Amino acid sequence: MTDYLTFSLFRAKPDTESFDDFLRGHPETQKKVFGEWNLKGTGPLSTNGIEAGVKARPNEEELKEMEKWPTPEFSSGWKSYFKDKPDKPVIHYSVISGWFGDHMLVPPGKFFTMFHFLEYPFSRGSTHIKSPDPYEAPDFDAVSIEPTSSTQFAS
């Protein structure tokens, strides 16, 4: 879900190998990359560009800290969905070789992007459509509530 995704952009040294020139549409780079892919099935197009990744779960000390403001609601979600499922990470961090955003917004150069997202997000509150009029504001309640037995979590 993109609502739970953030990107952090970092400048890399000019001689760093990255997807940046390819994504910018640099003709020589694109010719080289497509040529290697078409000839051998290798090169930058044979990868998703992720250089490293980490899936993480909070430790006992962090869980204790999250019982306090601003995240006391996390405890109920942790207990019902994550606690007894050690294969379920809470968050994922990865590093990509290049800027996978709008290159018109950054100066020319080489970059790497760190992105973070919740593996299994769950929400509190509700949004309800009140009218067939698309311009009428919905009933939006962002209040944190304890999950009930009918609360569904993504799997």
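Our structure is the block above this text.
This text gives an overview of the structure that appears in the document. Everything quoted here is computed from the prediction, not taken from an experiment.

Within a beta sheet, neighbouring strands are joined by backbone hydrogen bonds and run either parallel or antiparallel to one another. An order of S1-S4-S3-S2 is seen for the four strands of this open sheet, with the pairing classed as antiparallel. On the outer flanks of this sheet lie strand S1 (5-11) and strand S2 (50-56), each paired with one strand and no other. The average undirected angle you get between the axes of adjacent strands in this sheet is 15 degrees. Two strands pair when backbone bridges link them, and S2 and strand S3 (residues 91-96) are joined in this way by six bridges, in the antiparallel orientation. When the bridges of S3 are listed, Lys-55 appears paired with His-92.

Below, the discussion takes up the nonpolar core. Core analysis: the biggest nonpolar cluster contains eight residues, these being Leu-63, Phe-74, Trp-78, Tyr-81, Phe-82, Val-90, Tyr-120 and Phe-122. Element by element, the count of residues in this core is highest for helix H4 (residues 74-82), at four residues. Leave out the neighbours within four places in its chain, and Trp-78 touches Arg-57, Pro-58, Leu-63, Lys-83, Val-90 and Phe-122.

With respect to the element layout, His-92 can be found in strand S3. A polar side-chain atom of His-92 sits 3.4 Å from a polar atom in the side chain of Glu-119. With sequence-adjacent residues up to four places away left out, His-92 is seen in contact with Val-54, Lys-55, Phe-115, His-116, Phe-117 and Glu-119.

Definitions and limits used
- Residues numbered from 1 in each chain as written.
- Predicted model: local features only at pLDDT ≥ 70, side-chain atom pairs only at ≥ 80, totals over all residues.
- Heavy atoms only, no water.
- Pairing = 2+ DSSP bridges.
- Helix = DSSP H or I, 4+ residues; strand = E, 2+ residues; numbered from the N terminus.
- Axes fitted to C-alpha atoms, helices over the stretch in contact; angles between N-to-C directions.
- Core = buried A, V, L, I, M, F, W, Y, C linked by side-chain atoms within 4.5 Å.
- Buried < 20%, exposed > 50% of the residue type's maximum accessible area, 1.4 Å probe, protein only.
- Contact = heavy atoms within 4.5 Å.
- Polar contact = N/O pair within 3.5 Å; in protein donor to acceptor, adjacent residues only side chain to side chain.

Such coordinate-based values are descriptive only and should not be taken to indicate function.
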